[in-house]
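Next come the chains, spelled out residue by residue.
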Amino acid sequence: MKISFIGYYGSNFGDLLMLTSLIDYYGQHYNQINIYTYGNEDNLCDSLLLNAHRNKIQIFGLTGDKKVSYSNFFKTVKGSKYIIWGGGTCFMD
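Being a predicted model, the structure only gives us computed values, none of them experimental.

Undergrad: Report on the overall build of the protein chain, specifying residues and quantitative values.
TA: Per the secondary structure count, the protein chain includes three helices and four strands. Starting at the N terminus and ending at the C terminus, the protein chain contains elements arranged as β-α-β-α-β-α-β. Expressed as a percentage of its 93 residues, the buried residues of the protein chain come to 43%. Total accessible area on the protein chain is roughly 5600 Å²; 56% of this is exposed by carbon and sulfur atoms.

Undergrad: I'd like a rundown of the side chain of Thr37, residues and numbers included.
TA: Tracing the backbone shows Thr37 in strand 2 (residues 32-37). What makes Thr37 buried here is its relative accessible area of 0%.

Undergrad: Got a sec to walk through the packing of aromatic side chains? Specific residues and values, please.
TA: Taken as a whole, this structure holds eight aromatic pairs when the rule is applied. In textbook terms, an aromatic cluster arises when at least three aromatic residues are bridged by ring pairs, as seen for Tyr36, Phe60, Tyr70, Phe73 and Phe74.

Cut-offs used in this document
- Residues numbered from 1 in each chain as written.
- Predicted model: local features only at pLDDT ≥ 70, side-chain atom pairs only at ≥ 80, totals over all residues.
- Heavy atoms only, no water.
- Helix = DSSP H or I, 4+ residues; strand = E, 2+ residues; numbered from the N terminus.
- Buried < 20%, exposed > 50% of the residue type's maximum accessible area, 1.4 Å probe, protein only.
- Areas by Shrake-Rupley, 256 points an atom, 1.4 Å probe, with all protein chains shown as cover.
- Phe/Tyr/Trp six-rings, centres within 6.5 Å; stacked < 30°, edge-to-face > 60°.

Here's what the structure looks like:
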């Protein structure tokens, strides 16, 4: 089973801390975690907070040059048990 998180992850410590807590909890129950971020994808990928979980996490950007296409978004999110929205000020940008 997989779970997906969508939010403004990767741009500040608080959001990364919250995401890490979600991964620690849900990582025990799901073998695949997808993260879709409006934040800095490179910071999220390089985060020390996520390295321990790297084998079960896929990260997708929703902005910038490397953003996931509309069709790929639906393809990768399909089959998620839950889609959880959170992480920062998504509605203020």
